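Structure assessment
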Amino acid sequence: MGRLVIVSNRVPVPAKGGIAPAGGLAVALKVALEEQGGVWMGWSGKSSGEHEPRALAQLKQGNITYALTDLTDTDVEEYYHGFANRVLWPICHYRLDLAEYGRKEMAGYFRVNRFFAHRLAPLVKPDDVIWVHDYHLIPLAAELRQMGLKNRIGFFLHIPWPPADVLFTMPVHEEIMRGLSHYDVVGFQTDHDLENFAGCLRREGIGDELGAGRYSAYGRIFKGGTYAIGIETAAFAEFAKKASTNKTVKKTRESIGNRSLIIGVDRLDYSKGITQRIDAFERFILANPAQHGHVTYLQITPKSRSEVPEYEAMQRMVAEQAGRVNGALGAVDWVPIRYINRSIGRHILAGLYRLGKVGLVTPLRDGMNLVAKEYVAAQNPDDPGVLLLSRFAGAARNLNGALLVNPYDVEGTANAMARALSMPLEERKARWKTMMDHLLEHDVTRWCQDFLDDLTGMTGSAWLEPS
Ligand code: G6P
């Protein structure tokens, strides 16, 4: 195969000094590109005001060329804040109540995808394989095809895909489904997402399942598959072990003393179930007086998408809630919840995961959730912590050793916290080993390989546009 061309909204250009950028998607894709060589194109994260954005900024680092474009203020507002994060994000996370449709935003989304296609096309060579990531860029393949590109183009959705009844509330659902049909491979995190997608094709007779993972829709045949994203398991485990000696991690350990640490790390997002989790923690403390003063819940929650009103409101809500619980339950020498509302370096996070007796990952809905996987990889094999995981995270399909909870069931989650904290060492070890074995086998390299094998290995006219 030729080079790999990756396109995603965010492009994590490595910082000087080589400190790993935060976020699973960033880490995962960089590994693939370094091996294959190629281009990573996307938004620079900057605005050009109301002026037409300048030519692509290109930066070559080793095997990878990063190609970045600015967007205008209007583009950012309509495409990123508007349609991607106020329509597609809530819809894909089953939050119809939060979706704010607007024709202007929809038009902006399709316009920016066309703009991306025009900027990308001159960089693409005929035998390059293009891999597009996430909900911001669904219409990209259709635009590239329109410009005559015949390359293999794959799409991977990092977030959940909803059932037809949810998706079809979106006025442009048909254009979105049509957009996906222009890819050669459409990849999802779990079988549930793929089933939902197949259900969307069946409903309204948009398309058919042809067997062997092939689907037809809008006159095209493509593959639909499940590719659960993993992490750099071995490297992260090593990273976490070393991080134990980090100054901040050491200071945290000292400040916690003999208390048990419960840890949660999530972007500030309504899909993460943070308020339900704090409720559950409060319930757990109230129901277990013996735990008063003996447990610390550290919730690290970097700000995210603060320009979107729902996120701004949530920021206030969580801060108030954490303050209220601390005020009600705390003592002069004990703060039950340590709430940090900014991002923390990955090297510190890794060490904190390892300190955590319980890892709380309780999203209301999540495509995969790599924090769950990183928490497991970071554990000390001789004394591992317990992962308390939402059954509605994609990771729940992969991590059999976790204590699964329904995050809507506050009492059930509180009981699971108690169970996790009192779990015998042998059970913790057994559960951890099942998960770690899985993560070592299904790491991020395997995920890339599986997807790219499907994308590049397709042969025969069955995959091509029918004449
Ligand atoms: C999720 C999405 C990513 C996105 C990330 C951060 O993980 O799947 O595509 O980059 O959130 O969100 P942001 O809006 O800051 O890019």
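The following refers to the structure shown. (Residues numbered from 1 in each chain as written. Predicted model: local features only at pLDDT ≥ 70, side-chain atom pairs only at ≥ 80, totals over all residues. Heavy atoms only, no water.)

What about the site of the ligand?
- Neighbouring residues of the ligand: 10 residues in total, closest Arg 10, Tyr 80, Asp 134, His 136 and Arg 305.
- Within the contact set of the ligand, an oxygen atom lies 2.5 Å away from a side-chain nitrogen or oxygen of Tyr 80.
- Arg 305 places a polar side-chain atom, nitrogen or oxygen, 2.8 Å from an oxygen atom of the ligand.
- Contact with the protein chains hides 76% of the accessible area of the ligand, taken as 370 Å² for the molecule alone.
- Split into classes, the residues belonging to the shell around the ligand amount to four nonpolar, two polar and four charged. (Near = heavy atom within 4 Å. Polar contact = N/O pair within 3.5 Å; in protein donor to acceptor, adjacent residues only side chain to side chain. Areas by Shrake-Rupley, 256 points an atom, 1.4 Å probe, with all protein chains shown as cover. Nonpolar A, V, L, I, M, F, W, Y, C, P; charged D, E, K, R; others polar.)

Digging into the side chain of Asn 341
- Mapping Asn 341 onto the fold places it in the loop between β13 (337-340) and α12 (346-355).
- A distance of 2.8 Å separates the side chain of Asn 341 from the backbone oxygen of Thr 301, its partner in a polar contact.
- Leaving out residues up to four positions away in the same chain, Asn 341 has contacts with Leu 268, Thr 301, Pro 302, Lys 303 and Gln 315. (Helix = DSSP H or I, 4+ residues; strand = E, 2+ residues; numbered from the N terminus. Contact = heavy atoms within 4.5 Å.)

Here we look at the pattern of salt bridges
- As enumerated under the stated definition, the model contains 27 salt bridges in all.
- Note that Arg 267 and Asp 269 form a salt bridge whose closest N and O atoms lie 3.2 Å from each other.
- Put simply, Asp 437 and Lys 433 hold a salt bridge, and the shortest N to O gap is 2.7 Å. Taken as a pair, Asp 437 and Lys 433 lie in helix α15 (residues 425-441) at a separation of four residues, close to a single helical turn.
- With a relative accessible area of 38%, Asp 437 lands in the partly exposed category.
- Taking relative accessible area as the criterion, Lys 433 reaches 47% and is therefore assigned partly exposed.
- One network of salt bridges, in which partners are shared, links Asp 75, Glu 78 and Arg 111. (Salt bridge = Lys/Arg side-chain N within 4 Å of Asp/Glu carboxyl O. Buried < 20%, exposed > 50% of the residue type's maximum accessible area, 1.4 Å probe, protein only.)

Considering the side chain of Thr 413
- Position of Thr 413 relative to the elements: it lies in helix α14 (residues 410-421).
- Overall, the relative accessible area of 2% leaves Thr 413 in the buried class.
- At a separation of 3.4 Å, a polar atom in the side chain of Thr 413 contacts the main-chain carbonyl oxygen of Asn 406.
- Sequence-distant contacts of Thr 413, that is, excluding residues within four places in its chain, are made with Ala 280, Thr 362, Leu 388, Val 405, Asn 406 and Pro 407.

What to know about a negative patch on the surface
- A surface patch of like charges, here negative, comprises Glu 50, Asp 73, Glu 77 and Glu 307.
- Tracing the backbone shows Asp 73 in helix α2 (residues 73-92). (Patch = residues over 30% accessible without salt bridge, like charges linked within 9 Å, V, L, I, M, F, W, Y side chains within 5 Å. Lys, Arg positive; Asp, Glu negative; His and termini not counted. Charge placed at Lys NZ, Arg CZ, Asp CG, Glu CD.)

Focus: the nonpolar core
- By size, the foremost hydrophobic cluster in this structure holds 99 residues, and its most contacted members are Val 7, Phe 116, Leu 140 and Trp 161.
- With 10 residues, α2 is the largest single contributor of residues to this core.
- Every residue in contact with Phe 116, bar those within four places of it in the chain, is listed here: Val 7, Met 41, Gly 42, Trp 43, Thr 69, Leu 71, Tyr 79, Leu 137 and Leu 140.
- The next biggest cluster of nonpolar side chains, apart from the first, holds 62 residues, and it includes Phe 156, Tyr 353, Ala 378 and Leu 455. (Core = buried A, V, L, I, M, F, W, Y, C linked by side-chain atoms within 4.5 Å.)

Observations concerning the sheet that holds strand β15 (residues 386-390)
- As summarised here, the arrangement of the six strands in space is β13-β12-β11-β14-β15-β16, forming an open sheet in which the pairing is parallel. A strand with exactly one partner marks an edge of an open sheet, and here the two such strands are β13 and β16 (403-405). Each strand of the sheet is rotated relative to its neighbour by a mean of 20°, with strand direction disregarded.
- The pairing of strand β11 (residues 260-265) with strand β14 (residues 358-361) spans two bridges and is classified as parallel. Across the sheet, the residue bridging to Ile 262 is Val 358, located in β14.
- Of the strands in this sheet, β11 and β12 (295-300) are in contact with α12, which crosses β11 at around 135°. (Pairing = 2+ DSSP bridges. Axes fitted to C-alpha atoms, helices over the stretch in contact; angles between N-to-C directions.)

With respect to the packing of aromatic side chains
- Counted according to the given criterion, the structure contains 26 aromatic pairs.
- Both rings, one in Tyr 109 and one in Phe 110, keep their centres 5.4 Å apart while their planes meet at 85°; by these two values the pair is edge-to-face.
- Classification of Phe 110 as buried rests on a relative accessible area of 17%.
- Plain terms: the ring middles of Tyr 270 and Tyr 311 are 5.3 Å apart, the flat faces sit at 50° to each other, and that makes the pair tilted. Of this pair, Tyr 270 sits in the loop between β11 and α10 (274-287) while Tyr 311 sits in helix α11 (residues 309-329), placing them 41 residues apart in sequence. An identical accessibility class is assigned to Tyr 270 and Tyr 311; each is buried.
- Grouping aromatic residues by their ring pairs yields a cluster made of Tyr 79, Phe 83, Tyr 109, Phe 110 and Phe 116. (Phe/Tyr/Trp six-rings, centres within 6.5 Å; stacked < 30°, edge-to-face > 60°.)

Some thoughts on the sheet that holds strand β6 (residues 152-156)
- Here 10 strands make up an open sheet; going across it, the order is β3-β4-β2-β1-β5-β6-β7-β10-β9-β8 and the pairing mixed. Each edge of the sheet is formed by a strand with only one pairing partner; in this case those strands are β3 (57-61) and β8 (207-211). The mean angle between the axes of side-by-side strands here comes to 25°, regardless of whether they run parallel or antiparallel.
- One ladder, built from five bridges, connects strand β1 (residues 4-10) with strand β2 (residues 38-47); its direction is parallel. Of the residues in β2, the one forming a bridge with Val 7 is Met 41.
- Of the strands in this sheet, β1, β2 and β4 (64-71) touch α2, which is tilted by about 100° from β4.

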